[in-house]
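Listed below are the residues making up each chain.
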Amino acid sequence: MRTLSPLQLEKSVEFYELRIAPRAQLYSAPHFEGTREQLTITRGSARVIAGDNECQLGVGDSAHYHAGQEHTIENDSEEELLAFLVVTYE
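Calculation rules
Residues numbered from 1 in each chain as written. Predicted model: local features only at pLDDT ≥ 70, side-chain atom pairs only at ≥ 80, totals over all residues. Heavy atoms only, no water. Helix = DSSP H or I, 4+ residues; strand = E, 2+ residues; numbered from the N terminus. Buried < 20%, exposed > 50% of the residue type's maximum accessible area, 1.4 Å probe, protein only. Contact = heavy atoms within 4.5 Å. Salt bridge = Lys/Arg side-chain N within 4 Å of Asp/Glu carboxyl O. Pairing = 2+ DSSP bridges. Core = buried A, V, L, I, M, F, W, Y, C linked by side-chain atoms within 4.5 Å. Polar contact = N/O pair within 3.5 Å; in protein donor to acceptor, adjacent residues only side chain to side chain. Lys, Arg positive; Asp, Glu negative; His and termini not counted.

(A) Unusual backbone geometry, seen in detail. Although it is not a glycine, Arg23 adopts a positive phi angle of roughly 65°. Tracing the backbone through its elements, the reader meets Arg23 in the loop between β2 (13-20) and β3 (25-28).

The structure is reproduced here in structure tokens:
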């Protein structure tokens with residue numbers, strides 16, 4: 001994961017370039033209540049699990065979810081996943 005945010009913005013919004021190896025995953029413990037994430041896929045495909053919700057994403061797809069709960073981004077393909085992640089805080 002590579003941070004793209006200017007340091008002065010990181011208190012309210014964060015931008016990341018996310019790369020996940022084939023068949024690997026990124027697990028996150030719950031963030032602060034009110035935290036939301038938006039993920040957009042630019043290469044590969046992913047399964048996003050946030051609490052009891054799950055969705056499948058391909059190139060060009062986006063998902064947003066509450067990050068105040070456990071959440072996982074899984075690369076379910078045989079190629080590296082490339083995505084952009086935006087994290088916002090209320």
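Here the narrative resumes, following the displayed structure.
(B) Spotlight on the environment of Thr88. By the element assignment, Thr88 lies in strand β9 (residues 81-88). Its relative accessible area of 32% is what places Thr88 among the partly exposed residues. Sequence spacing of Thr88 and Arg36 is 52 residues, and the spatial spacing of their C-alpha atoms is 5.4 Å. Excluding anything up to four places from it in sequence, Thr88 contacts Ser12, Val13, Gly34, Thr35 and Arg36.

(C) A look at the pattern of salt bridges. Applying the stated rule across the entire model yields six salt bridges. Across the salt bridge formed by Arg19 and Glu17, the nearest N and O atoms sit 3.4 Å from each other. Judged by relative accessible area, Arg19 falls into the partly exposed class, the value being 40%. The residue Arg19 makes a salt bridge to Glu80 at a minimum N-O spacing of 3.0 Å. Of this pair, Arg19 sits in strand β2 while Glu80 is found in the loop between β8 (71-75) and β9, placing the two residues 61 residues apart along the sequence. Taking the relative accessible area as the measure of exposure, Glu80 reaches 30% and is therefore partly exposed.

(D) Summary view of the pairing of strand β6 (residues 53-57). The sheet contact formed by strand β5 (residues 46-50) and β6 spans five bridges and is antiparallel. Bridging across to β6, Ile49 finds its partner in Glu54.

(E) Representation of the nonpolar core in the model. Leu39, Ile41, Tyr65 and Ile73 are the most contacted members of the largest nonpolar core, which has 16 residues in total. The biggest single contributor to this core is β9, with four residues.

(F) Examining the side chain of His71 more closely. Within the secondary structure, His71 sits in strand β8. At a separation of 3.1 Å, a polar atom in the side chain of His71 contacts the side chain of Glu37. Residues in contact with His71, not counting those within four places in the same chain, are Leu26, Tyr27, Ser28, Ala29, His31, Glu37, Ile49, Ala50 and Tyr65.

(G) Seen up close, the side chain of Glu37. Looking at the secondary structure, you find Glu37 in strand β4 (residues 36-43). Buried within the structure, Glu37 lacks any salt-bridge partner; its nearest side chain of opposite charge belongs to Arg36, at an N-O separation of 10 Å. Discounting chain neighbours no more than four positions away, the residues touching Glu37 are His31, Ala63, His64, Tyr65, Ala67, His71, Leu85, Val86 and Val87.

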